[in-house]
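Examination of the molecular architecture
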Amino acid sequence: MCGIIGITSTKQVSSTIINSLKKLEYRGYDSAGIATLYDGFINEVKCEGRVDSLEKNVSKINLLGNVGIGHVRWATHGKPNTVNAHPHSSETVSVVHNGIIENSTILKKFLVEKGYKFKSQTDTEVIVHLVTDYLKDNNLKDSILKMLKKLQGSFALGIIFKDQPDLIVGARRGSPLAVGYGPNENYLGSDSYALKSMTNKISYLDDGDFCIIKKDQVDFFDSKGNKINKKVLKLSSNEQNYEKGDYKHFMAKEIEEQPTTIKNCVNEYIDKINNEINILNFPWKKNEISSIKLIACGTAYHSCLIAKYWFEQLTLLDVEVDIASEFRYRRNRFKTDCLYIFVSQSGETADTYAALDLCNKHKMKTCSIVNVVESSIARDSKLVFPIHCGPEIGVASTKAFLGQMLVLYILCLKIGYLRKDLDKKKYNLKIKSLLSLSKLVSNSLSTENQIQSICNSFTKAKGAMFLGRGYSFPIALEGALKLKELAYIHAEGYPAGEMKHGPLALIEDGMPVVVIAPRDEYYKKTISNMQEVIARGAKVLLITNKSDEEIYSENIWEKIEIENTEEDLFPFLTTIPLQKLAYYSALKKGYDIDKPRNLAKSVTVE
Ligand code: AGP
């Protein structure tokens, strides 16, 4: 995916732009470039390959200027080479662009007929000549408005102008773009990662907005050119991330943050205007992938197990899941048409990294889903999909688990649609349903009081069972893991249909059993399994969704009802009460919630 940086300052900007481009390397790219305004001229330096090579070229010519834009490009239109690298410039305008201009061919034809000469094969270059043309008869703002009206498709833009030596224009439609505020300087960036090394105060543009950024002033405009205000968000800077704020524990904070982290992640990947998913740089063609292998550890492994159901329902791909510590020693049959996806919150888990390294050695197709984009797993993956959750401090993974599930689901929708396994109507419907997920997660947080009254029965129990079918089975595993790692209570997650093949013998009078049974396709079968354990004395906590329909079963000890949603999205909601059950059980037992015994946040050893 491409990345944009822009800086307007009282100081020289080229080295700061280069350093910020390095923060965007995780997005995957094949060329890089920078342009600054100095002494009345646009000075452009570009190269194929890494930002390091760009840095060398820039230092050779001592690139001056206190206004500039930079870009890392993942080729969509036009080969990955220096000519096609961004910025693209005319005498008077220089542009960096993320996204795809869908009507670039028509616009190029119109501009060539007007006498404009094109140097590259990119769609972006049409923007350069369009703005150059409009500036001949219009002021800056009107030229921008006219250009934006002409463009079809998705874009995030950064533009500098020869005759406007102190400003940068930014514009967004479908591809994220943010403004950062600094001392005597202001910034433009594709995401918060690009800006957080320079500032912790940012505003996000919404689709259709544009902005004019000066070193001491930022103005935002809507698609009609009306001035608008934008909220200034405080990026949780390092010290804040490492503060609990009003919470007793990081885990409590991170559970409560989940509506926000889901919203941020949806904002990063979903183009609300075009109801599209912003994964434009998928480097493999439809027929190059016929199977997927998901590899991870612990909670991240559980997110992969859920994704297997999604991939099986929404694509025709063969999907396998493996625990990294098993995969790395297995006699694997490596397949060139298999996409190996590595999921890791920390991006440093030794077993997961070793599995990735093994695939890289066999020249396999790899991508990773991480929370730490500067991590080893991210650095060594061909493609990285961040989960945008902010640092997760509590050893027990909560918000990162939901983030992993969300990015896996988004990736599954995108791949299913690209392969035409998923039709446009269903694709659009499912994207739309993601827009309300944050609210649904927020409503699920309200199970607080009920959980606190229930957890006594767990803290005194010899052991507990968690049962589910379909994608509720990995949630059962995750609920059991949470109770084990936080309250040190033996707990088993099991496929509900599998109980009769042995584990039913464990059930005795008063044993707490959590049954996860939202009204999905597995519901009726799971309820029957629930009756089997109730008949043998189990105290069942049923996690299901709100409904007027009676549950045909007596003697349910407790019931927690989650919101209604698309069946696919139930796992996001059934997880929340289980996170809280483990948290309050550990709290009751007086254990160290953020640092449970024997555990580490990132297991960097075998
Ligand atoms: C989950 O609560 C644990 N913290 C643990 O299972 C964790 O998910 C596992 O160690 C994987 O870590 P990673 O996501 O950083 O790779």
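A few points on the structure. The numbers attached to residues start from 1 for each chain and follow its sequence in the written order. For this predicted model, a pLDDT threshold of at least 70 governs which residues receive local features, and a threshold of 80 or more governs which side-chain atom pairs are given and counted, while totals over whole chains, interfaces and linings are taken from all residues. Side-chain measures were taken over the full set of non-hydrogen atoms in the model, leaving aside hydrogen atoms and water.

**Looking at the overall build of the chain**
Definition in use: Each helix is a run of H or I in the DSSP string that is no shorter than four residues. Each strand is a run of E no shorter than two, and both are numbered from the N terminus. Here's how the labels work: a residue is buried when its accessible area is under 20% of the maximum for its type, exposed when over 50%, partly exposed in between, all with a 1.4 Å probe on protein chains only. Contacts are assigned to residue pairs with any non-hydrogen atoms lying within 4.5 Å of each other. Using the Shrake-Rupley algorithm and a 1.4 Å probe, accessible areas are obtained, with residue cover drawn only from the displayed protein chains. We count Lys and Arg on the positive side and Asp and Glu on the negative side, and we leave His and both chain ends out. The location of each charge is read from NZ of Lys, CZ of Arg, CG of Asp or CD of Glu.
Helix and strand content of the chain: 20 helices and 27 strands. Across its three principal axes, the chain shows a C-alpha extent of roughly 85 × 50 × 50 Å. Residue burial in the chain is summarised as follows: out of 606 residues, 61% are buried. In the chain, of all internal contacts separated by at least 6 residues, the share reaching a separation of at least 24 is 70%. Summed over all atoms, the accessible surface of the chain reaches about 24,300 Å², with 49% contributed by carbon and sulfur. In the chain, 80 positive and 72 negative side-chain charges are present, and the distance between their average locations comes to 2 Å.

**So, the site of the ligand**
Applied cut-off: Whether a residue is near a molecule or strand depends on its heavy atoms: it is near if one of them lies within 4 Å of it. Whenever a nitrogen or oxygen atom comes within 3.5 Å of another N or O atom, the pair is scored as a polar contact, on the condition that within protein one atom can donate a hydrogen and the other can accept it, and that pairs from neighbouring residues in sequence are kept only if both atoms are in side chains. A cavity, in this analysis, means grid points on a 1 Å lattice covering only the protein atoms where a 1.4 Å probe fits yet has no way out; a pocket is instead an open set bounded by protein on both sides within 12 Å along at least five of seven lines, and a residue lines either one if it has an atom within 4 Å of a point. To be counted as sitting in a cavity or pocket, a molecule needs more than half of its atoms within 2 Å of that site's grid points.
Within the structure, the ligand sits among 14 residues, and Ser344, Ser346, Thr349, Val395 and Glu485 are positioned closest to it. Between an oxygen atom of the ligand and a side-chain N or O atom of serine 344, the distance comes to 2.7 Å. One nitrogen or oxygen atom from the side chain of serine 346 is found 2.7 Å from an oxygen atom belonging to the ligand. The pocket occupied by the ligand, as judged from atoms lying within 2 Å of grid points, is the second largest pocket. Of all the secondary structure elements, the ones that give two or more residues to the shell around the ligand are α10 (298-314) and α18 (472-487). Sort the elements by how many residues they give to the shell around the ligand and α10 lands first, with three residues.

**So, the nonpolar core**
As a rule of thumb, nonpolar side chains are buried together in soluble globular proteins. This is how the line gets drawn: By nonpolar core we mean a set of buried residues, namely Ala, Val, Leu, Ile, Met, Phe, Trp, Tyr and Cys, connected to one another through side-chain atoms within 4.5 Å.
Judged by nonpolar contacts, the single largest core of 94 residues is most densely connected at Phe282, Ile292, Phe385, Phe466 and Phe572. If near-sequence neighbours (up to four positions away) are discounted, phenylalanine 385 is found in contact with Tyr269, Ile279, Phe282, Cys367, Ser368, Ile369, Val370, Val407 and Leu411. Listed in part, the 29 residues of the second largest apolar core include Leu107, Leu151, Val169 and Ala171.

**What about the pairing of strand β7 (residues 153-161)?**
Put simply, the rule reads: Strand pairing requires that DSSP identify at least two bridges connecting the strands.
Burial analysis of β7 places nine of its nine residues in the buried class, the great majority of the element. The alternating pattern of β7 places Gly153, Phe155, Leu157, Ile159 and Phe161 on one face and Ser154, Ala156, Gly158 and Ile160 on the opposite face, and all of these are buried. Bridging between strand β6 (residues 93-101) and β7 involves nine bridges; their strand directions are antiparallel. The residue bridging valine 95 from the neighbouring strand is isoleucine 159, located in β7. Bridging between β7 and strand β8 (residues 164-173) involves six bridges; their strand directions are antiparallel. Opposite alanine 156, over in β8, you have arginine 172 as the bridge partner. Linking β7 to β8, which pair antiparallel, is a turn of two residues.

**Details of the pattern of salt bridges**
For side chains bearing opposite charge, pairing can occur when the charged atoms are close. Note the cut-off: Any Lys or Arg side-chain nitrogen located within 4 Å of an Asp or Glu carboxyl oxygen qualifies as a salt bridge.
Tallied over the entire structure, the rule returns 28 salt bridges. Between lysine 227 and aspartate 219 there is a salt bridge, and its shortest N-O distance comes to 3.3 Å. The class of aspartate 219 is buried, set by a relative accessible area of 17%. For glutamate 256, the salt bridge identified is with lysine 580, shortest N-O distance 3.0 Å. Placement of the pair is glutamate 256 in helix α8 (residues 250-256) and lysine 580 in helix α20 (residues 570-589), with a sequence separation of 324 residues. With relative accessibility at 28%, the residue glutamate 256 sits in the partly exposed group. In this structure, a network of salt bridges that share partners links the residues Lys114, Asp133 and Lys136.

**Brief notes about the environment of histidine 77**
Of note, histidine 77 is situated in the loop between β4 (67-73) and β5 (88-89). Note on histidine 77: relative accessible area 28%, which makes it partly exposed. Beyond its immediate stretch of four places on either side in the chain, histidine 77 contacts Ile100, Gln121, Thr122 and Asp123.

**Some points on the packing of aromatic side chains**
Applicable threshold: Stacked, tilted and edge-to-face are the three classes applied to pairs of Phe, Tyr and Trp rings, where Trp contributes its six-membered ring and a pair requires centres within 6.5 Å; stacked means planes under 30 degrees apart, edge-to-face means over 60, and tilted covers the rest.
Enumeration over the complete set of coordinates arrives at 12 aromatic pairs. Residues phenylalanine 210 and phenylalanine 221 carry aromatic rings whose centres are separated by 5.0 Å and whose planes lie at 20 degrees to one another, so their mutual orientation is stacked. With phenylalanine 210 in strand β12 (residues 210-214) and phenylalanine 221 in strand β13 (residues 217-221), this residue pair connects regions lying 11 residues apart in the sequence. We classify phenylalanine 210 as buried; its relative accessible area is 1%. Note on tyrosine 583 and tyrosine 584: the rings are 5.0 Å apart at their centroids and 85 degrees apart in plane angle, and the pair reads as edge-to-face. As far as the burial class goes, tyrosine 583 and tyrosine 584 line up, both buried.

**Overview of helix α5 (residues 140-150)**
Of the positions making up α5, those classed as buried are Leu140, Ser143, Ile144, Leu145, Met147 and Leu148. Buried positions along α5 lie against α4 (125-135), β7, β8 and β12. Of the residues flanking the start of α5, the one acting as N-cap is asparagine 139, its side-chain oxygen 3.1 Å from the backbone nitrogen of lysine 141.

**A word on the sheet that holds strand β23 (residues 463-468)**
Across a sheet, strands are paired by hydrogen bonds formed along the backbone, either parallel or antiparallel in direction. Applicable threshold: All axes here are fitted lines through C-alpha atoms, helices being fitted over the stretch that makes contact, and every angle between N-to-C directions spans 0 to 180 degrees.
Across the sheet, five strands lie side by side as β24-β23-β25-β26-β27; this open sheet has parallel pairing. With partners counted over all chains shown, the strands left at the sheet margins are β24 (490-495) and β27 (558-562), one partner each. Mean inter-strand twist for the sheet, computed between neighbouring axes without regard to direction, equals 15 degrees. Of the pairings in the sheet, the one linking strand β25 (residues 512-516) to strand β26 (residues 539-545) comprises five bridges and is parallel in character. Bridge pairing in β26 links isoleucine 516 to isoleucine 543. Against the sheet, α18 engages β23, β24 and β25, with an angle of about 175 degrees to β24. Contacts from helix α19 (residues 523-534) reach β23, β25 and β26 within the one sheet, and its direction differs from that of β26 by about 165 degrees.

**Side note on unusual backbone geometry**
Looking along the chain, the bond that leaves histidine 86 and enters proline 87 is cis, with omega of 5 degrees. Note that proline 87 resides in the loop between β4 and β5. A positive phi is found at asparagine 275, a non-glycine position, where the angle reads about 50 degrees. Residue position: asparagine 275 is located in the loop between β16 (270-271) and β17 (276-277).

**Considering the packing of helix α14 (residues 399-418) against helix α15 (residues 424-434)**
Let me state the cut-off plainly: Oblique is the label for every angle not falling under 35 degrees (roughly parallel), over 145 degrees (roughly antiparallel), or within 65 to 115 degrees (roughly perpendicular). If you view the pair so one helix is near and one far, a crossing is left-handed when the near helix is turned anticlockwise from the far one by less than a right angle, and right-handed when it is turned clockwise. Gly is placed with the polar residues, together with every amino acid not listed as nonpolar (Ala, Val, Leu, Ile, Met, Phe, Trp, Tyr, Cys and Pro) or charged (Asp, Glu, Lys and Arg).
Across the interface, α14 lies against α15 with an axial gap of 10 Å and an inter-helix angle of 165 degrees. Considered as vectors, α14 and α15 are oriented roughly antiparallel to each other. As α14 runs across α15, the sense of the crossing is left-handed. Residues Leu406, Tyr409, Ile410, Leu413, Lys414 and Tyr417 of α14 touch α15, and the partners they reach there are Lys424, Tyr427, Lys430, Ile431 and Leu434. Looking at the contact of α14 with α15 residue by residue, the class counts come to eight nonpolar, no polar and three charged.

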